[in-house]
Amino acid sequence: MPEPSLRAGLHCGAGSRGGRQSGRGLPEASLNPSRFAFQDLTFLTKQEILLAHRRFCELLPQEHRSMEESLQIRVSLEQILSLPELKANPFKERICRVFSTSPARDSLSFEDFLDLLSVFSDTATPDIKSHYAFRIFDFDDDGTLNREDLSQLVNCLTGQGEDTRLSVSEMKQLIDNILEESDIDRDGTINLSEFQHVISRSPDFASSFKIVL
Amino acid sequence: TGDRSGRRPSKKRALRAEGAAGRRGAQPGQKERVRGSPGPGSPRRKQAERRRHREELGERGRSSAERTCSERRKDRRTSFKEQRAPSKKEKEVPRKEETWKRLKKHRSPSLASSASRRESLSEEELARILEQVEDKKKLIATMRNKPWPMAKKLTELREAQEFVEKYEGALGKGKGKRLYAYRMLMAKKWVKFKRDFDNFKTQCIPWEMKIKDIESHFGSSVASYFIFLRWMYGVNLVLFGLIFGLVIIPEGYIKYSALFYGYYNNQRTIGWLRYRLPMAYFMVGVSVFGYSLMIVIRSMASNTQGSASEGESTNFTFSFKMFTSWDYLIGNSETADNKYASITTSFKESIVDEQESNKEENIHLTRFLRVLANFLIICCLCGSGYLIYFVVKRSQEFSKMQNVSWYERNEVEIVMSLLGMFCPPLFETIAALENYHPRIGLKWQLGRIFALFLGNLYTFLLALMDDVHLKLSNEEKIKNITHWTLVNYYNSSGWNESVPRPPLHPADVPRGSCWETAVGIEFMRLTVSDMLVTYITILLGDFLRACFVRFMNYCWCWDLEAGFPSYAEFDISGNVLGLIFNQGMIWMGSFYAPGLVGINVLRLLTSMYFQCWAVMSSNVPHERVFKASRSNNFYMGLLLLVLFLSLLPVAYTIMSLPPSFDCGPFSGKNRMYDVIQETIENDFPTFLGKIFAFLANPGLIIPAILLMFLAIYYLNSVSKSLSRANAQLRKKIQALREVEKSHKSVKGRTTARDSEDTAKGNSKNATQLQLNKEGTTPHSAGQSQTTDPKAQAPGLSSSAIMVTLPASRHLPVSRPPGARPDSGHARPQTHPWRSASGKSAPSPPH
């Protein structure tokens with residue numbers, strides 16, 4: 001029987017029937033998730049981890065697809081951004097940068113990739129989701145959302161087209177309103193706890209902050 | 001988060017403790033270190049990371065030293081290797097590692113001695129270790145909630161696991177020790193089993209890929225319909241299993257008539273198991289409703305748990321639009337474009353709303369139009385109700401006549417389906433008069449369609465009930481005739497009295513009309529015709545339209561895709577309501593036609609595939625994207641209402657209509673529920689019967705009901721007082737916020753004055769002061785304005801509020817930043833520093 005809950009449905013498909021096959025048959029048994037404790041450390045199920053690994057391997061060149069290498073090697077930002085799940089997302093670059101652990105923040109290892117999927121999974125807690133959302137929206141990585149971050153965020157949300165852009169005065173008005181609502185300590189920026197305070201009251205955040213492979 | 005301020009001392013303590021040797025000192029340090037988490041993205045984070053890394057290395061070195069003298073050796077090597085693997089990536093390590101190796105060397109002997117002393121652990125040490133082990137376990141369980149990169153989580157996990165493994169065995173003494181170890185082992189196995197079971201469960205959820213496809217094309221709102229459909233399928237599958245397993249199978253092989261009530265007979269028991277079918281039939285009928293109620297309420301409750309307080313959400317309209325409006329599931333550029341457009345409109349709308357919130361051009365015209373629209377819609381509803389009543393009456397005429405045509409036989413169902421098909425668009429047209437905001441308009445539309453469906457269903461039921469009463473009065477006559485026929489048959493002369501007569505063939509006896517089966521047949525017809533109409537609507541309205549638009553676009557005067565017909569949007573609300581009412585019919589009908597649930601399972605299965613295909617092939621994403629999360633509970637609420645409404649007629653017939661005398665499992669009884677009494681009297685021991693009789697006593701039932709009312713009243717008042725407390729806490733938070741603001745402004749004023757004074761002499765000094773003030777205030781603010789109201793309540797005394805009030809009273813005088821020359825002087829000084837500090841200097845921790 002399917003899980004009797006409206007929200008249940010968003011785990012990704014089981015690994016075996018999950019669609020695309022990688023070029024070489026991967027020795028799935030060797031990526032026993034329990035060996036790497038990925039299941040303890042992420043919100044993903046075994047099937048999702050296996051599927052994630054397969055999708056990750058598809059991004060690798062043919063000769064690096066062996067088990068050991070696929071866990072060590074890093075995939076460049078452009079390749080990750082070409083994933084159909086991220087393609088249409090206006091925050092795709094920010095997402096990748098936030099989850100990247102390389103010094104230049106421009107590539108993802110498999111572990112980073114799993115971190116990403118875990119945070120965006122259905123079962124992740126709202127706290128961790130809002131934490132990473134804050135880091136994604138914090139475009140200059142300075143730990144607070146200031147006016148520049150907010151205007152960049154608005155630009156991301158309204159798309160690249162000229163017709164959907166907000167005018168300067170509209171933008172100012174909008175950001176003023178947002179700061180009026182959310183900036184509790186009135187320092188002109190929104191910090192993490194203020195952000196989480198707002199987000200925790202949102203009914204839609206947890207259901208829309210999701211990416212499923 | 002004040003963890004980093006506590007960081008340095010804790011580390012020092014750990015070091016000192018290590019120097020002093022012994023596990024005893026090392027653990028508190030370890031514990032503290034684990035608790036802390038670095039702030040996100042702050043420039044200091046890297047330093048903290050590096051420092052932590054050093055500590056980890058020390059930890060690792062220490063643990064490897066300890067390992068040499070510990071008894072447990074299994075899978076240590078592999079874990080150690082894995083532990084080190086991620087750290088290799090960061091190339092800053094080796095030098096520090098050496099220094100730590102040195103440290104490790106002179107530390108290891110003492111560790112060894114401490115390990116050898118383990119047997120002589122005192123009570124309090126044991127208690128402390130137990131506490132630490134519990135802490136570590138908690139850490140292991142919640143590791144995934146930490147916003148750390150994977151490599152860090154891995155090392156932390158390894159350490160915690162090693163610690164737990166090492167000291168778990170040391171806990172407990174003698175027999176208790178083994179029991180403890182055994183319990184731990186079982187707990188581990190249980191965790192593993194649970195995880196495997198969860199994996200298995202998620203694997204069993206069907207149609208994941210289909211729904212995911214739809215999600216990425218249409219966003220989460222359209223997908224929510226399909227998730228609802230799937231949930232419905234699951235519920236129906238359970239109901240079907242219940243009915244199939246307990247009623248249909250025991251009765252024997254399945255044939256067409258097994259779908260209906262009249263097929264089952266009233267033999268008290270069947271076969272060698274003495275299966276009590278009438279009782280089972282009754283109980284299954286009851287438990288269908290019971291299970292449905294339970295599952296709907298449970299999922300409603302689990303939905304509401306997630307959403308936080310409703311009242312406050314109005315305060316954050318802009319922030320919600322900003323931070324939560326993007327749907328990350330969207331993976332299709334067309335949908336993304338729609339989303340961009342809708343977000344932009346909503347931004348602009350809300351800005352305009354904010355600017356001129358109460359501007360109404362011609363209020364009288366709008367009012368008039370709205371009244372007119374409602375009047376028209378009420379006329380439509382009444383008309384459709386009367387039409388159905390009329391048609392059902394007419395069908396009773398037809399049923400008396402011979403050789404009626406196909407149309408005349410199925411007129412009721414056809415009319416009802418047509419009404420369901422054409423009324424909603426009509427309502428939408430009328431609603432255009434009203435000029436509501438689209439969101440409010442949608443609510444009205446939903447309410448009207450709901451009223452239409454409900455009205456239709458209930459008119460249908462009333463007309464059907466009339467029919468049943470007619471049949472019941474006829475039944476009396478037929479019963480008499482049957483009785484006399486049988487009496488005549490058995491008493492007729494010329495038959496040998498010693499030989500028992502063969503029973504009369506049923507076809508030779510006049511039979512009653514069996515109203516239960518008639519009702520079941522009506523519901524079956526209704527369901528099937530509803531299904532067909534839905535599918536035909538999809539085919540004609542969506543698919544053919546899409547084909548027409550797609551292929552005729554090449555040779556048409558205007559652009560079909562952008563112009564008039566265009567492609568259809570997926571009508572979420574209409575489809576959900578259709579599904580809910582279909583389910584209502586199933587619930588109502590399932591008592592009279594047990595096979596109905598089976599039909600419904602098939603229907604849901606086919607519509608899952610059919611609608612998935614139709615959506616993907618011929619619909620376009622919504623122009624306005626609705627929020628999905630709110631609607632989940634909305635759907636569930638509607639479902640609950642419909643369930644309750646469909647429970648009423650069934651309960652009525654069970655409790656107050658006599659069953660037909662010659663068909664069905666309850667034939668020959670006065671009322672259907674008599675079967676319970678019969679079973680109790682005949683099959684249970686007498687004292688149970690007495691207990692039941694006692695329980696059914698009104699003297700007991702009325703107090704029970706009263707008690708229930710009291711409980712409801714009590715819970716209600718508790719929830720009211722809680723919400724009042726909630727409001728009060730919110731007020732306190734706001735007051736606190738005022739305090740912060742006034743503090744700030746007062747401080748700002750004083751510093752501004754100071755700076756004004758000193759500016760004449762030494763401007764550098766002033767900036768210095770300013771920096772200090774600015775550096776401290778955000779920190780304290782960040783500390784005190786945590787989101788948890790409970791944490792603040794005790795800290796905030798009434799005197800604090802008292803203090804603030806005067807402060808905030810003269811606050812407006814001082815506050816406007818640009819107005820006063822002195823504060824205007826102070827501001828520009830802070831800003832360059834702020835923007836510069838973001839990059840270079842470590843910013844104050846947030």
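Cut-offs used in this document
- Residues numbered from 1 in each chain as written.
- Chains lettered and ligands numbered in written order.
- Predicted model: local features only at pLDDT ≥ 70, side-chain atom pairs only at ≥ 80, totals over all residues.
- Heavy atoms only, no water.
- Helix = DSSP H or I, 4+ residues; strand = E, 2+ residues; numbered from the N terminus.
- Buried < 20%, exposed > 50% of the residue type's maximum accessible area, 1.4 Å probe, protein only.
- Contact = heavy atoms within 4.5 Å.
- Areas by Shrake-Rupley, 256 points an atom, 1.4 Å probe, with all protein chains shown as cover.
- Salt bridge = Lys/Arg side-chain N within 4 Å of Asp/Glu carboxyl O.
- pLDDT = per-residue confidence, 0-100.
- Axes fitted to C-alpha atoms, helices over the stretch in contact; angles between N-to-C directions.
- Parallel < 35°, antiparallel > 145°, perpendicular 65-115°, else oblique.
- Nonpolar A, V, L, I, M, F, W, Y, C, P; charged D, E, K, R; others polar.
- Phe/Tyr/Trp six-rings, centres within 6.5 Å; stacked < 30°, edge-to-face > 60°.
- Lys NZ or Arg CZ within 6 Å of the ring centre and 35° of its normal.
- Left-handed = near helix turned anticlockwise from the far one by under 90°.
- Patch = residues over 30% accessible without salt bridge, like charges linked within 9 Å, V, L, I, M, F, W, Y side chains within 5 Å.
- UniProt positions renumbered as here; feature names shortened; annotations may be inferred.

(A) Examining the overall build of chain B more closely. Of the regular secondary structure elements, chain B holds 29 helices and two strands. The buried share of chain B, reckoned over its 846 residues, is 41%. Sequence-distant contacts in chain B: of pairs separated by 6 or more residues, those separated by 24 or more amount to 77%. In the form shown here, chain B has an accessible surface area of approximately 45900 Å², with 62% of it arising from carbon and sulfur atoms.

(B) How the structure looks around the pattern of salt bridges. With the rule as written, the count across this model stands at 18 salt bridges over all chains. Taking the shortest distance from any N to any O, the salt bridge between aspartate 176 of chain A and lysine 172 of chain A comes out at 3.0 Å. A residue pair is termed a helical-turn pair when its members lie 3 or 4 positions apart in one helix, as aspartate 176 of chain A and lysine 172 of chain A do in helix H11 (residues 168–182) at four residues. Among the residues examined, aspartate 176 of chain A registers a relative accessible area of 28% and is labelled partly exposed. Here lysine 201 of chain B and aspartate 198 of chain B are joined by a salt bridge, their closest N and O atoms 4.0 Å apart. With a gap of three residues between them, lysine 201 of chain B and aspartate 198 of chain B both fall in helix H8 (residues 174–204), about one helical turn apart. With a relative accessible area of 33%, lysine 201 of chain B lands in the partly exposed category. On the basis of relative accessible area, aspartate 198 of chain B is assigned to the partly exposed category, the value being 37%. Salt bridges sharing common partners tie together Arg55, Glu58 and Glu85 of chain A.

(C) View of the confidence of the model for chain B. All names here are of chain B. Summary statistics for chain B give a mean pLDDT of 70 and a share of 63% for residues scoring 70 or more. Predicted confidence for residues 52–117 stays below pLDDT 50, and this span has 84 contacts to residues more than four positions away or in other chains. Below pLDDT 50 for its whole length, residues 756–846 participates in 85 contacts with residues either more than four positions away or in separate chains. If you check the scores for this complex, the pTM reads 0.66 and the ipTM reads 0.80.

(D) Spatial organisation of the packing of H11 of chain A against helix H12 (residues 317–324) of chain B. Close contact between H11 of chain A and H12 of chain B brings their axes to 8 Å; oriented N to C, the two are set at 105 degrees. Accordingly, the angle class assigned to the pair H11 of chain A and H12 of chain B is roughly perpendicular. In contact with Leu174, Asn177, Ile178, Glu181 and Ser182 of chain A of H11 of chain A, H12 of chain B contributes Thr317, Phe318, Ser319, Met322 and Phe323 of chain B. Along the lines of polarity and charge, the residues of the contact of H11 of chain A with H12 of chain B split into five nonpolar, four polar and one charged.

(E) Expanded view of the packing of aromatic side chains. Tallying each qualifying case throughout the model produces 38 aromatic pairs over all chains. Taken together, a centroid distance of 4.7 Å and an interplanar angle of 15 degrees make the contact between phenylalanine 99 of chain A and tyrosine 132 of chain A stacked. Of this pair, phenylalanine 99 of chain A sits in helix H7 (residues 92–99) while tyrosine 132 of chain A sits in helix H9 (residues 126–137), placing them 33 residues apart in sequence. Ring centres of phenylalanine 205 of chain A and phenylalanine 209 of chain A lie 4.9 Å apart, and the angle between their planes is 25 degrees; this geometry places the pair in the stacked category. Arginine 550 of chain B extends its terminal NZ or CZ atom over the ring of phenylalanine 551 of chain B, reaching a point 5.8 Å from the ring centre.

(F) Looking closely at the packing of H9 of chain A against helix H12 (residues 192–200) of chain A. Residue and element names in this part refer to chain A. Their axes nearest at 10 Å, the elements H9 and H12 cross at an angle of 125 degrees. As judged from the angle between their axes, H9 and H12 are oblique. Helix-helix and strand crossings are classified by hand; for H9 and H12 the assignment is right-handed. Within the contact between the two elements, H9 uses Asp127, Ser130, His131, Ala133, Phe134 and Phe137 and H12 uses Leu192, Phe195, Gln196 and Ile199. Among the residues making up the contact of H9 with H12, the classes are represented as six nonpolar, three polar and one charged.

(G) Geometry of a nonpolar patch on the surface. All names here are of chain B. On the surface, a nonpolar cluster with roughly 530 Å² of combined accessible area is contributed by Leu365, Phe368, Leu372, Phe375, Leu376 and Leu433. Summarising the element assignment, leucine 365 is placed in helix H14 (residues 363–400). Taking the relative accessible area as the measure of exposure, leucine 365 reaches 46% and is therefore partly exposed.

(H) Here's a closer look at the environment of phenylalanine 120 of chain A. Among the secondary structure elements, phenylalanine 120 of chain A is positioned in the loop between helix H8 (110–119) and H9. Classification of phenylalanine 120 of chain A as buried rests on a relative accessible area of 0%. For phenylalanine 120 of chain A and phenylalanine 209 of chain A, which are 89 residues apart along the polypeptide, the C-alpha to C-alpha distance reads 6.2 Å. Beyond its immediate chain neighbours, meaning those up to four positions away, phenylalanine 120 of chain A contacts Ile95, Phe99, Lys129, Ile136, Phe209, Lys210 and Ile211 of chain A together with Tyr328 of chain B.

(I) Structural view of the UniProt feature "transmembrane region" (unreviewed entry) in chain B. Here the UniProt feature "transmembrane region" (unreviewed entry) sits at residues 231–254, 275–297, 371–392, 445–464, 591–613, 634–655 and 691–715 of chain B. Secondary structure over residues 275–297 of chain B splits into 91% helix and 0% strand, and the C-alpha atoms at its two ends are 32 Å apart.

(J) Quick look at unusual backbone geometry. The backbone of aspartate 141 of chain A shows a phi angle near 55 degrees, a positive value even though the residue is not glycine. One non-glycine residue, tryptophan 207 of chain B, adopts positive backbone phi at about 65 degrees. By the secondary structure assignment, tryptophan 207 of chain B is in the loop between H8 and helix H9 (208–218). Taking relative accessible area as the criterion, tryptophan 207 of chain B reaches 10% and is therefore assigned buried.

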